[in-house]
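# Coordinate analysis (summary)
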Amino acid sequence: MSNAIVFYSAQIGKSCRKLEALSQRGLKSVCSGNDTIARGVNLIFRWGCTGRTGMNDAKFVNTTKAIEWCCDKRGARLAMQAAGVPVPETWTTEEFAIVASDADRGILSSQKFVARPEHHTQGKQMHVGTALQLAWNQQFFPGGYISRFIDRVAEYRVFVVSNRVAWVNRTEDPGDGRMAWNYADGDNVYWGDWPAKVVTAALAAAKVSGTDFCAVDLMVDADGNAYVSEVNTAPGQEGTYHPSCVAKCFDYIIANGKEKFADPVVPEGTPADRAWRWYIHPAVSEQANAVHSRAA
């Protein structure tokens, strides 16, 4: 068996098996609970899985701590907000009852907010309403969080590896009234069309999360403002292009180690359609190698 594996839970194995098929460095996919992990494995990519591997001397790409941070949607959102990452303004459910007090009713009663539980997946467990509807109905999600509703025109998913971007996907309003849009309904965004606000926000979120790799979900409003909604450590990947980009990035880590790149600095005056050169992971584009340097 390869000395590097991607470790996953049974229900999310499809993307990991794609990575195994596309890897050029013998990366293997192993389901948690599988007893066939051979001796000699020294690098383990945790694909959202915190299960025990039995390989205590191996290096982990995505620690259990980082994965658990991302799973705590409430804590992660509040931590990103405190760190200055652009997110929809967010309160704990308990705090929001105070924010939406009698004195503020005239200001907040006509605005919409989104209530969600501490832990959630995909677009499930979401309630939208005014401050009055949510503040006095905490039974929806006690211990959860409430954020301002963003009237989005598009959603993005940005896959980040080692402080660089592997791919960007865009989803537009399906027009059927759904609150939750699906990444699978979106389209890949070509390098020259990567929006700077989206990419920089995604990199900032990934950095705060402490992950080595993740997919950052964002919303964009009509004014082009980007807002991070969450960070995922076990995202689905459609087609072949996206997993092929991630496989290249993982192969790069196998060959060079998991150290993160220094924060990208785009030279002043760089045309928008050229900025991708400083954001993209070098494994995805050999053309970008010249502008990358390892953090000290």
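## Quick notes on helix H7 (residues 196-209)
Counting along an α-helix, one turn takes 3.6 residues, and residues three or four places apart therefore face a common direction. With 14 residues, H7 extends 20 Å between its outermost C-alpha atoms, agreeing within 8% with the 20 Å of an ideal straight helix rising 1.5 Å per residue. Taken as a whole, H7 has its buried residues at Val198, Val199, Ala201, Ala202, Leu203, Ala205, Ala206 and Ser209. Gly210 sits one or two positions beyond H7 and adopts a positive phi of about 80 degrees.

## Considerations on the sheet that holds strand S3 (residues 43-46)
In space, the four strands of this open sheet follow the order S2-S1-S3-S4, with parallel pairing throughout. The open sheet terminates on both sides in strands that have one partner only, identified here as strand S2 (28-31) and strand S4 (59-61). Recorded for the sheet is a direction-independent mean angle of 30 degrees between the axes of neighbouring strands. Across four bridges, strand S1 (residues 4-8) lies against S3 in parallel orientation. For Ile5, the partnering residue across the bridge sits in S3 and is Ile44. Packed on one face of the sheet, helix H1 (residues 13-22) meets S1 and S2 and runs near 165 degrees to S1. Contacts from helix H8 (residues 241-256) reach S1, S3 and S4 within the one sheet, and its direction differs from that of S3 by about 150 degrees.

## Re the pattern of salt bridges
Taken as a whole, this structure holds eight salt bridges when the rule is applied. A salt bridge links Glu155 to Arg152, with the nearest nitrogen and oxygen atoms 2.7 Å apart. Taken individually, Glu155 and Arg152 each receive the classification buried, so the pair is uniform in this respect. Its salt-bridge partner being Lys258, residue Asp212 comes within 3.0 Å of it at the nearest N-O pair. Of the two residues, Asp212 sits in the loop between H7 and strand S12 (213-221) while Lys258 sits in the loop between H8 and helix H9 (276-279), which places them 46 residues apart along the sequence. Classification of Asp212 as buried rests on a relative accessible area of 6%. Lys258 gets classed as partly exposed once you look at its relative accessible area, which sits at 25%. Through salt bridges with shared partners, one network takes in Asp212, Lys258 and Lys260.

## A closer look at unusual backbone geometry
In the Ramachandran plot, Asn62 falls in the positive-phi region, its phi being about 85 degrees despite a non-glycine side chain. Position of Asn62 among the secondary structure elements: in the loop between S4 and helix H2 (64-71). Positive phi is not limited to glycine here, since Asn163 has a value of about 70 degrees. Relative to the helices and strands, Asn163 resides in the loop between strand S9 (152-161) and strand S10 (164-172). What makes Asn163 buried here is its relative accessible area of 9%.

## Topic: the packing of H1 against H8
With their axes 9 Å apart at the nearest point, H1 and H8 run at an angle of 65 degrees to one another. Like other packed secondary-structure pairs, H1 and H8 cross with a definite hand, here right-handed. Residues Lys18, Leu19 and Leu22 of H1 pack against Pro243, Ser244, Val246, Ala247 and Phe250 of H8. Each residue belonging to the contact of H1 with H8 can be placed in one class, and the counts come to six nonpolar, one polar and one charged.

## Brief notes about the environment of Lys14
Residue placement: Lys14 occurs in helix H1. For the pair formed by Lys14 and Gln237, sequence separation is 223 residues and the distance between their alpha carbons is 8.4 Å.

## Considerations on the layout of surface pockets
Of the pockets and cavities examined, the second largest pocket occupies roughly 180 Å³. Taken together, Gln11, Ile12, Gly13, Lys14, Ser15, Lys18, Trp47, Ala234, Pro235, Gly236, Gln237 and Glu238 make up the lining of the second largest pocket. By residue class, the composition of the lining of the second largest pocket is four nonpolar, five polar and three charged.

## Quick notes on the side chain of Asn169
Inspection of the secondary structure puts Asn169 in strand S10. At 3.4 Å, the side chain of Asn169 and the backbone nitrogen of Asn188 are in polar contact.

## With respect to the confidence of the model for the protein
Per-residue confidence for the protein gives a mean pLDDT of 85; residues scoring 70 or more make up 81%. By mean pLDDT, the top-scoring element of the protein is H7 (98), and the lowest-scoring one is helix H5 (residues 105-108) (52).

Rules of the game
Residues numbered from 1 in each chain as written. Predicted model: local features only at pLDDT ≥ 70, side-chain atom pairs only at ≥ 80, totals over all residues. Heavy atoms only, no water. Helix = DSSP H or I, 4+ residues; strand = E, 2+ residues; numbered from the N terminus. Expected span 1.5 Å × (residues − 1). Buried < 20%, exposed > 50% of the residue type's maximum accessible area, 1.4 Å probe, protein only. Pairing = 2+ DSSP bridges. Axes fitted to C-alpha atoms, helices over the stretch in contact; angles between N-to-C directions. Contact = heavy atoms within 4.5 Å. Salt bridge = Lys/Arg side-chain N within 4 Å of Asp/Glu carboxyl O. Left-handed = near helix turned anticlockwise from the far one by under 90°. Nonpolar A, V, L, I, M, F, W, Y, C, P; charged D, E, K, R; others polar. 1 Å grid on protein atoms, 1.4 Å probe; cavity = no way out; pocket = protein on both sides within 12 Å on 5 of 7 lines; lining within 4 Å. Points joined across faces, edges and corners; volume = space filled by probe spheres on them. Polar contact = N/O pair within 3.5 Å; in protein donor to acceptor, adjacent residues only side chain to side chain. pLDDT = per-residue confidence, 0-100.

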